[in-house]
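Each chain is listed here by its residues.
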Amino acid sequence: MNIDKLRLILESSPKFRIKQTNKLLYQDLISSWQEASVLPKDLRSKLEKECPLDISAESLTLKDGSVKTVISLNDNKKVEAVLIKNSDKRNTVCVSSQIGCALACKFCATGQMGFIRNLSANEIVEQVLYFARELKQKNEKIDNIVFMGMGEPFLNIDNVFRAIEILNSEDKFNIGARKISISTVGLKKGIERLIKSKLQVNLAISLHATNDQLRSHLMPVNKKQNIKELLEFVDSYIVSTGRQVMFEYLMIKDVNDSLEEAKELAKLLEGKLAVVNLIRYNDSGVFKSSPDKHIYNFKKVLEKNGIKTTIRDSFGSEGKAACDQLANKG
Ligand code: SF4
C-alpha cells in the first residue's frame, strides 16, 4: 500500500473529495480504488496507479484464534502485527511502531534485533487497516488497538501520534481514544506529550522489576531514567489526566517473581490510581515463565496490599506472536 501521495493528488480537487476518500479508505475499507464507484473514472485510475491500496501480507492463524501477520513494506522491510482474539470475542490489534528497537530489553526478541527504522504514520495505520479489512469479511470489527508490538512508541513519537489521529478521527477510522493503549517503558517526553495532547488513550508502563538493579539489568533504559523518576512522571500523568495507569509486569521464573517482590511492588504503587497486569512470559532460551500457581500467589499478595491486579492471557505463544516475541528479520 502507498497512500502517502493521496493528499497531494487531491490537493486541487474539491474539499468533499478528501472526506469521500477518507470514508472509502477507513470506513468502507476498500482494497482497490476500482471499488470506489463514487469517484470519477480518471481519478480512480490515477489513484490506483499512484496510491495502490493492496497490502502485501502473510498471516498465520494460531490455535487460540490469534492471527500473526507479517506485512511487507515498500522498501521490502517487514513489520509484524497481531490480531488477538480475546476470550469475550473482542478483537484487539497489537501494532508495531518501529522495525526493531534500540532499547535492547533482555527478555524481548525485538530488542535483540537492534533498531532498523521508524514506521511512518501510514505504515502503522496499514497494520490496523489490514485486520479491519479481514474482519469486515466476517462481519466483525476491531474493538481495541494496543501499541505493544515491535518498537518503543515514544521513540517514534510524531508518527505514533499522527497514526492515533487517523485512528481516532471521526472522518477516518473513528476508533474511540479510550480503546487505544500505548505500552511504553515510560519515557518522560512521551508521557509529557500524552498529557499535553489531552488524548484519552490508555497508558501502560512496562515495569517488570521493583528495584533499579534488576530493572537496569532487564531493561538498560532504566540506567538513564530510574524507577523513582519513572514513577514521578507517572504521578504527574495521573494528577493531570485523572486517568488510571496500567503497570505491566512480566512474570519471569526466579528472576522477578518472588512473593517478597510482590510486596515491594505493592509498596511502590501504594496509593496510585493504577492497576497491575501480570503477564505470563513465553519461554525463551534465557528466561522461563513463572508457573501459573506462582502467578496467582503473586496476585494474591498484591491484592491483599490493596493493588488492583489482573493476569493477562498468554496470546499466541505457539507462533511466537506474543508481545515480547515479535522479531522478524525485516
Ligand atoms: S520490550 Fe519494548 S522497549 Fe524493550 S526492546 Fe522490546 S520492543 Fe523495545
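Residues numbered from 1 in each chain as written. Predicted model: local features only at pLDDT ≥ 70, side-chain atom pairs only at ≥ 80, totals over all residues. Heavy atoms only, no water.

> Looking at this structure, how should I read the overall build of the protein chain?
When helices and strands are counted, the protein chain shows 11 helices and 12 strands. The globule rule puts the C-alpha radius of gyration for 330 residues at 20 Å, and the 21 Å found for the protein chain is close to it. Once the C-alpha set of the protein chain is aligned to its principal axes, its extents read approximately 70 × 40 × 35 Å. In the protein chain, which comprises 330 residues, the proportion classed as buried is 54%. For the protein chain, the exposed surface amounts to about 15,400 Å²; the carbon and sulfur share of it is 50%. (Helix = DSSP H or I, 4+ residues; strand = E, 2+ residues; numbered from the N terminus. Rg over C-alpha atoms; globule rule 2.2 N^0.38 Å. Buried < 20%, exposed > 50% of the residue type's maximum accessible area, 1.4 Å probe, protein only. Areas by Shrake-Rupley, 256 points an atom, 1.4 Å probe, with all protein chains shown as cover.)

> Just checking my understanding: could you explain the packing of helix H6 (residues 157-168) against helix H7 (residues 188-197) for this structure?
For any two helices packed against each other, one specifies the crossing angle of their axes together with the interaxial distance. Where H6 contacts H7, the axes come no closer than 11 Å and their chain directions differ by 30°. Considering the angle they form, H6 stands roughly parallel to H7. Our pair here, H6 against H7, has a crossing hand that is right-handed. Of the residues in H7, those in contact with Ile 157, Asp 158 and Phe 161 of H6 are Lys 189, Gly 190, Arg 193, Leu 194 and Ser 197. Here the residues of the contact of H6 with H7 are counted per class, giving three nonpolar, two polar and three charged. (Axes fitted to C-alpha atoms, helices over the stretch in contact; angles between N-to-C directions. Parallel < 35°, antiparallel > 145°, perpendicular 65-115°, else oblique. Left-handed = near helix turned anticlockwise from the far one by under 90°. Contact = heavy atoms within 4.5 Å. Nonpolar A, V, L, I, M, F, W, Y, C, P; charged D, E, K, R; others polar.)

> Mind showing me how you'd approach the packing of helix H5 (residues 121-136) against H6 here?
Here H5 crosses H6 at 45°, and the two axes come no closer than 8 Å. The angle between H5 and H6 falls in the class oblique. The two elements H5 and H6 meet at a crossing, and its hand is right-handed. Seen from H5, the contacting residues are Ala 121, Asn 122, Ile 124, Val 125 and Val 128; seen from H6, they are Asn 159, Val 160, Arg 162, Ala 163, Ile 166 and Leu 167. When its residues are assigned to classes, the contact of H5 with H6 shows eight nonpolar, two polar and one charged.

> It is not clear to me how the pairing of strand E4 (residues 91-95) should be interpreted in this structure. Could you clarify?
Look at any regular strand and the pattern is simple: side chains alternate between the two faces of the sheet. Taken across its five residues, E4 has five buried, putting it largely inside the fold. Judged by which residues are buried, E4 turns out to be covered on both faces: Asn 91, Val 93 and Val 95 on one side and Thr 92 and Cys 94 on the other are all buried. Where strand E3 (residues 78-85) meets E4, four bridges bridge the pair, whose relative direction is antiparallel. Within E4, the residue paired with Leu 83 across the bridge is Val 93. Counted between consecutive antiparallel strands, the loop separating E3 from E4 contains five residues, among which Lys 89 sits at a positive phi close to 75°. In the sheet, E4 pairs with strand E7 (residues 144-147) via four bridges, with the strands oriented parallel. Directly across from Val 93, in E7, lies its bridge partner Ile 145. (Pairing = 2+ DSSP bridges.)

> Explanation requested: the nonpolar core in the structure shown.
For soluble globular proteins, nonpolar side chains are generally found buried alongside one another. Counting 102 residues, the largest nonpolar core has Trp 33, Phe 107, Phe 147, Phe 173 and Phe 247 as the members making the most contacts within it. When residues of this core are assigned to their parent elements, the largest contribution, nine residues, is made by H5. Counting residues in hydrophobic clusters, the runner-up holds five residues, among them Val 82, Ile 84, Cys 94 and Met 148. (Core = buried A, V, L, I, M, F, W, Y, C linked by side-chain atoms within 4.5 Å.)

> What exactly am I supposed to notice about the sheet that holds E7 here?
Hydrogen bonds along the backbone pair up the strands of a sheet, which may run parallel or antiparallel. Across the sheet, 10 strands lie side by side as E1-E2-E3-E4-E7-E8-E9-E10-E11-E12; this open sheet has mixed pairing. Every interior strand has two partners, whereas the edge strands, strand E1 (57-61) and strand E12 (308-312), have only one. The mean inter-strand angle of the sheet, taken between neighbouring strand axes irrespective of direction, is 20°. Direction of pairing for strand E2 (residues 67-72) relative to E3: antiparallel, over a ladder of six bridges. Bridge pairing in E3 links Lys 68 to Val 82. The strands touched by H5 within the sheet are E1, E2, E3, E4 and E7, with E3 carrying the most contacts at an inclination of about 45°. Lying over the sheet, helix H9 (residues 227-241) contacts strand E9 (202-206) and strand E10 (245-251), oriented at roughly 145° with respect to E10.

> Could you clarify how one ought to interpret H6 in this entry?
In an α-helix, one turn spans 3.6 residues, which is why side chains three or four residues apart end up on the same side. Spanning 12 residues, H6 covers 16 Å between terminal C-alpha atoms, matching the ideal 16 Å at 1.5 Å per step. Of the residues making up H6, those classed as buried are Ile 157, Asn 159, Val 160, Phe 161, Ala 163, Ile 164, Ile 166 and Leu 167. Its buried side turned inward, H6 meets helix H2 (15-27), H5, E7, strand E8 (180-184) and H7. (Expected span 1.5 Å × (residues − 1).)

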